[in-house]
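# Architecture and fold: a report
Here are the chains, one letter per residue:
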Amino acid sequence: MHATARGAGLLLLGCSDRGSAARAGGPHDCAEGPPGERVGEAPFVGEDIPPLDTLVGEGLDARLYFDHSELTADALIVPSEHFYVRTAYPDQLVPPDPWIIRVRGLVDQEIDLQLPQLAELEADQGVHLLECSGNRGSGFGLIGAARWGGIPMADVLDRIRPRAGAARVLVSGFDNHSMPSKNQFSTPGASWIFGLEQLVDQGAFLATTLDGKPLPKHHGKPARLFVPGWYGCTAIKWVNEIRLVGDDEPATSQMIEFATRTHQPSPTPSLARDFRPATMDQSAMPVRVERWKAPNGSLSYRIVGVMWGGYEVTDALEVRFGDGPWERVDFCTAPSQEQTWSLWSHVVRPSSPGVYSIRMRVADPDVPQLRLSADWYLRQVRIDAV
Ligand SMILES: Nc1nc2c(c(=O)[nH]1)N[C@H]1C(S)=C(S)[C@@H](COP(=O)(O)O)O[C@H]1N2
Ligand SMILES: [Mo]
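A few points on the structure. (Residues numbered from 1 in each chain as written. Chains lettered and ligands numbered in written order. Predicted model: local features only at pLDDT ≥ 70, side-chain atom pairs only at ≥ 80, totals over all residues. Heavy atoms only, no water.)

## Describing the overall build of the protein
Along the protein, the regular secondary structure elements total five helices and 23 strands. Against the globule reference of 21 Å for 386 residues, the protein gives a C-alpha radius of gyration of 22 Å, in line with a compact fold. When the backbone C-alpha atoms are referred to their principal axes, the protein occupies close to 75 × 50 × 40 Å. The 386 residues of the protein split such that 52% are buried. (Helix = DSSP H or I, 4+ residues; strand = E, 2+ residues; numbered from the N terminus. Rg over C-alpha atoms; globule rule 2.2 N^0.38 Å. Buried < 20%, exposed > 50% of the residue type's maximum accessible area, 1.4 Å probe, protein only.)

## Quick word on the nonpolar core
Trp192 and Trp341 are the most contacted members of the largest nonpolar core, which totals 103 residues. Per-element accounting of this core gives the leading share, seven residues, to strand β17 (residues 299-308). (Core = buried A, V, L, I, M, F, W, Y, C linked by side-chain atoms within 4.5 Å.)

## Brief notes about the site of ligand 1
In the vicinity of ligand 1 lie 20 residues, with Tyr84, Thr87, His219, Arg224 and Lys237 positioned nearest. Asp175 is positioned such that a nitrogen or oxygen atom in its side chain is 3.0 Å from a nitrogen atom of ligand 1. Between a nitrogen atom of ligand 1 and a main-chain N or O atom of Ala235, the distance comes to 3.0 Å. Within the shell around ligand 1, the residues separate by chemical class into 13 nonpolar, three polar and four charged. (Near = heavy atom within 4 Å. Polar contact = N/O pair within 3.5 Å; in protein donor to acceptor, adjacent residues only side chain to side chain. Nonpolar A, V, L, I, M, F, W, Y, C, P; charged D, E, K, R; others polar.)

## A closer look at the packing of aromatic side chains
Inspection of every chain in the model, using the stated rule, returns twelve aromatic pairs. Each ring, one from Phe205 and one from Phe226, has its centre 5.3 Å from the other, and the planes form 10°; the classification is stacked. Placement of Phe205 in strand β12 (residues 205-210) and of Phe226 in strand β14 (residues 224-226) is noted, with a sequence separation of 21 residues between them. Considered together, Phe205 and Phe226 belong to a single accessibility category, that of buried residues. The cationic tip of Arg371 hangs over the ring face of Trp376; the distance from NZ or CZ to the ring centre is 3.6 Å. Geometry around Phe44 places Arg379 over its ring, the cationic atom sitting 3.8 Å from the centre. (Phe/Tyr/Trp six-rings, centres within 6.5 Å; stacked < 30°, edge-to-face > 60°. Lys NZ or Arg CZ within 6 Å of the ring centre and 35° of its normal.)

## Quick notes on the pairing of strand β8 (residues 123-131)
Both faces of the sheet carry side chains from a regular strand, because those side chains alternate between them. By the criterion of burial, β8 is predominantly enclosed, with seven of the nine residues buried. Note that β8 and strand β9 (residues 143-152) share eight bridges and pair antiparallel. Along β9, the bridge assignment pairs His128 with Ala146. (Pairing = 2+ DSSP bridges.)

## Structural notes on the pattern of salt bridges
Taken as a whole, this structure holds 20 salt bridges when the rule is applied. Across the salt bridge formed by Arg243 and Glu241, the nearest N and O atoms sit 2.8 Å from each other. In this structure, Arg382 and Asp384 form a salt bridge, with 3.2 Å as the shortest nitrogen-oxygen distance. Bridged by salt links that share partners, the residues Arg38, Glu41, Arg288, Glu290 and Arg302 form one connected network. (Salt bridge = Lys/Arg side-chain N within 4 Å of Asp/Glu carboxyl O.)

## Things to note about the state of the cysteines
As enumerated under the stated definition, the model contains zero disulfides in all. Free of any disulfide, Cys233 has its nearest neighbouring cysteine sulfur in Cys132, separated by 6.9 Å. (Disulfide = S-S within 2.5 Å.)

## Some words on the sheet that holds strand β7 (residues 111-114)
If you walk across this open sheet you meet the five strands as β7-β6-β15-β10-β11, and the pairing is mixed. Because the sheet does not close on itself, it has two edges, and the strands there are β7 and β11 (190-195). Along the sheet, successive strands turn relative to each other by an average axial angle of 20°, direction set aside. Relative to strand β15 (residues 239-245), strand β10 (residues 168-173) runs antiparallel, the two sharing six bridges. If you follow Val169 over to β15, its bridge partner there is Leu244. (Axes fitted to C-alpha atoms, helices over the stretch in contact; angles between N-to-C directions.)

## Here we look at the sheet that holds strand β2 (residues 44-45)
Here five strands make up an open sheet; going across it, the order is β2-β23-β22-β18-β19 and the pairing antiparallel. Each having just a single partner strand, β2 and β19 (326-328) make up the two edges of the open sheet. Pairing of strand β22 (residues 354-362) with strand β23 (residues 379-383) involves five bridges; the strand directions are antiparallel. Its bridge partner being in β23, Ile358 is matched across the sheet by Arg379.

## Here's the deal with the side chain of Asp281
Relative to the helices and strands, Asp281 resides in the loop between α4 (253-257) and β16 (283-293). Within the buried set, Asp281 has no salt-bridge partner at all; the shortest N-O distance to an opposite charge, 4.2 Å, is to Arg276. Reaching out from Asp281, the side chain makes a polar contact with the backbone nitrogen of Gln369 at a distance of 3.4 Å. In this structure, Asp281 is in contact with Arg276, Trp308, Gly309, Gly310, Tyr311, Pro368, Gln369 and Leu370, ignoring residues within four places of it in sequence. (Lys, Arg positive; Asp, Glu negative; His and termini not counted. Contact = heavy atoms within 4.5 Å.)

## Describing the pairing of β11
Across the six residues that make up β11, a large majority, six, are buried. The two faces of β11 match: Ala190, Trp192 and Phe194 on one face and Ser191, Ile193 and Gly195 on the other face are all buried. The pairing of β10 with β11 spans six bridges and is classified as antiparallel. Counted as the bridge partner of Gly173 is Ala190 from β11.

Written out as structure tokens, the structure reads:
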């Protein structure tokens, strides 16, 4: 269903004159900046930026924050060794050989699916973006796009005979770490409950490869759930159980832990069926601000950023630099129906040094953009010279 909506969006874009991608020339090449040469970068300020691109912490507290400041139009896929990590390989996991996924609950027969038996169903699943719903501060590094491969959940569910009353599916993964989280917000027990149709409609899959190679251990080796368009907290790693449950199944502790970050109604619903899909609305953020020097010596600043999420293709993205006007960005890669991120840029010429806020919005009130409206991805940059 998701894919259909995006397809329709793309068609719409093609025959409307609202979007700049419809303008002659299409997206410009971000390799080329304003006239002159690139002479540096203006730093983001007011962010507590941790070490990037290295694994820090242990177990549930382990993180690898991706450094997206160097993304370019031709390198928008994150190499697997740089892909963000939220929770490291559990030190108490002794993987059974072969890996087993228990099928339990409201099924005709409880079975143990052996992962190798599903190997024939493995296929490339395309490039998809994953974002931790808690991606805020810390350089906003819990995000990345990569090529995933695996087994469509539709095929997995085909091998399961539901019993009367089966309405939802609870997917859980191994989550026992000998180190309890020091951070009170991370409780063990990774599981999420989906509507049966939801998983199929979203094109969810059991990922077994990243970048064409077997899943790295910190990313869920040998199998993790991936639900395109949904936040990372639903992408259960080290999947070991699929349980069919009834319509009145309570929400899991993980769903409750992530309720605010996935924008659930308040108070938090107690039943899984009352959770809204943990989808990512249209989102965007700057990743760097380049300083450019024109032949006549004047300086300009080029904001480069990414856009992702959303339910239909749009290119109506606008940026506001400080108290300036809202202005349309230029896309370096065309926003597409693929569920990845696209790169954009926008040149500004501030008239005085200072600290400037960079805000984003989609200039279309019909586009859901909860986080943009809440300034979730607001970043501040320090301009020292003009
Ligand atoms: N078993 C298990 N799966 C998990 C988690 C976890 O703590 N344990 N964290 C989830 C969260 S919050 C995110 S954002 C993604 C991160 O996936 P990655 O580390 O491969 O980037 O995994 C999800 N799956
Ligand atoms: Mo997350």
